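Residue strings, one per chain:
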Amino acid sequence: MDVDKSLRVLGSFGRLQALNYFTYVLAVSVAAWHITGVSFTIGQPDNNRCRIPENETSFTTPLDDGCHQIVYYDNDTDGDNETMACTDGWEYDTVHGETSVVTDLNLVCDRAILGSTLQSVHFGGCLLGSYVTGQMSDIFGRRLTLLGSLVGIVVTGTGFSFAQSYGLMSFLKFLHGCFIPGLILVPYVRIIEMFPPSFRVRSHLGCEMLWCLGLVLVGPLAYILPNWRHLQLVMSLLAAPLILLVWYSYESVRWLLQKGRVDEAEKIFQRISKSKNISHVGGYFVLPQQEQEHELTNGSSRPELSDEKPPLDIKASDYNRLESDVPAIKDAKKYTLLDLFRTRALAIRTLIVLYCWFACSAVYYGFFLISANLVGNMYVNFTLMSLTEAPCYIANYFVTIRFGRRRPLITYFIVSGVACVITGLIPDESGDGTDLSMLKLGLAMIGRFFASTAFDLTYLVTIEMFPTVLRNAAAGAASLIGRVGGMVAPFIVFLNVIHSSIPFIVFGVVSLIAGMLVFPLPETNNRSLPETLDDGEKLAEKDEAEEAQPTNV
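Now for a quick tour of the structure.

How each quantity is defined
- Residues numbered from 1 in each chain as written.
- Predicted model: local features only at pLDDT ≥ 70, side-chain atom pairs only at ≥ 80, totals over all residues.
- Heavy atoms only, no water.
- Helix = DSSP H or I, 4+ residues; strand = E, 2+ residues; numbered from the N terminus.
- Contact = heavy atoms within 4.5 Å.
- Polar contact = N/O pair within 3.5 Å; in protein donor to acceptor, adjacent residues only side chain to side chain.
- Core = buried A, V, L, I, M, F, W, Y, C linked by side-chain atoms within 4.5 Å.
- Buried < 20%, exposed > 50% of the residue type's maximum accessible area, 1.4 Å probe, protein only.
- Axes fitted to C-alpha atoms, helices over the stretch in contact; angles between N-to-C directions.
- Parallel < 35°, antiparallel > 145°, perpendicular 65-115°, else oblique.
- Left-handed = near helix turned anticlockwise from the far one by under 90°.
- Nonpolar A, V, L, I, M, F, W, Y, C, P; charged D, E, K, R; others polar.

With respect to the environment of Phe403
Here Phe403 lies in helix H19 (residues 389-403). Taking the C-alpha atoms as reference points, Phe403 and Asn525, separated by 122 residues in sequence, lie 8.6 Å from one another.

Here's what the structure looks like:
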């Protein structure tokens, strides 16, 4: 059963298809708020210092380290004094009165590690959620998994905004993180499965642009709502309307066919054809020999029809022949993550993809977390970092059409790594006192740009490389390892207390290693999505000359 042939007959983007497409890309946009919003809800303040107590018999001077104070007794600076830790809490320097979990719970000085730990708990939840949602999506379907994830995001996010203790916050933040992959991986897989190869890159671009829009909105939203509790509550409640939209969406046809639910898949095709006013007889599962007969009769094939009526007369007997294949599908082997390591070639390919996800996630989210440490306003820095994604996705669209997937991915990783290392090695000032902070910011933006393009392309390559029987499980496993990178990122950023160059150098080395590892991966440009493990193995057997052919769009 070739779903791509059926999709080409129906056309790629009718009204019903567009509604479902935008429903799922909106879920990706909402996910951008929740996975990067921790930069503000659990962000470190610019500076902190001891709050000066009111005491008639002594006066206090806070020290520059922000954690200690000198107490002068009897109001005499030459008399007895004592250096001690802050006893009356802290005061924080802010841009315009913003708060965060750190300022609410005073997670500074000897408790500073708790702020980074809470961010890692967030990504730890994403780690577990990547595995669970990947498995649930392959078992229960893309639509139901997304519905459950949206409900979980709304409930746990709202609860987190009202939590008062660190323990409860950690628990809710972990659960909240568990549901986030369901808003990223599941919709993305669903979107890619909607279209034939000729439309896949464009659908990928649209998804990434909505992700970018979500990122760009985080900075202004955080500025308008400086109280972190209000920000978290609004981000959570805005996800609620999507629950209704997803409820009325349709399931992935590819997943239904792999589960042997042909009748349901046929009903979806009927709905699409009705929405586009396409008349037909029988089912829309086009058999290869029928398409060949049509090509012989008309002299040419019609790879993609939009709202035109298809010239094919599909008989009911052909649909019955399709249904006869259902028992074979239902009795097929149940695949698990262990099947990703069944052969040596598949195991190597899987391990490379897993490391690429680790590198992408660590560098990508590391840049968001470290943006507050760069020169300038934290809101402006975050928004600029987000805006770099839009041109990177657009550039990536044209690059992948012309050069495929593998070569650009290698280039992106290497350029990002080099930019990060150079950023770390450049001092804040030159020997003659020249301020080099803007140069460092520019190089960091370049590193961020290519880190985004690498992550963007890694998503697409992962979905295209693995077969339908393992696609969501493989994506879930890859995302799981990626979340390990997200968990590690806050601690790498925390190393700036030793020296500000260390985070950039570490991120650079991680990215350079990923670039070297991509070389053995097969090219997936302009290939039909593999349906079985055998189809996945054949990707590596394609001729190099064929790999260089551009995608038709």
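A few points about the environment of Ala473
Within the fold, Ala473 resides in helix H22 (residues 471-494). Spatially, the C-alpha atoms of Ala473 and Val132 are 9.0 Å apart, while their sequence positions differ by 341 residues. Contact partners of Ala473, with chain neighbours within four places excluded, come to Gly134, Gln135, Asp138 and Leu337.

A closer look at the environment of Trp255
Relative to the elements of secondary structure, Trp255 occurs in helix H12 (residues 253-258). Along the sequence, Trp255 and Ala265 sit ten residues apart, while their C-alpha atoms lie 8.9 Å from each other. Excluding anything up to four places from it in sequence, Trp255 contacts Ser137, Asp138, Ile139, Phe140, Gly141, Arg142 and Arg261. There is a polar contact of 3.5 Å between the side chain of Trp255 and the backbone oxygen of Ser137.

Regarding the nonpolar core
Among the nonpolar cores identified, the biggest contains 102 residues, and Ile35, Phe40, Leu146, Trp211, Tyr364, Tyr365 and Phe413 are the most heavily contacted of them. A total of twelve residues in this core trace back to one element, the largest contributor, which is helix H9 (residues 197-224). In this structure, Leu146 is in contact with Tyr24, Ala27, Gly182, Leu183, Val186, Pro187 and Val246, ignoring residues within four places of it in sequence. Core analysis: the next-biggest nonpolar cluster, separate from the first, contains 17 residues, Val38, Trp90, Val101 and Ala163 among them.

Concerning the packing of helix H6 (residues 142-162) against helix H8 (residues 185-193)
Packing of H6 against H8 leaves a shortest axis separation of 9 Å and a crossing angle of 150°. When the interaxial angle is binned, H6 and H8 end up roughly antiparallel. Between H6 and H8 lies a crossing whose hand is left-handed. Taking contact as the criterion, the partners of Arg142, Thr145 and Leu146 in H6 are, on H8, Val186, Pro187, Val189, Arg190 and Glu193. Classifying every residue of the contact of H6 with H8 by side-chain character gives four nonpolar, one polar and three charged.

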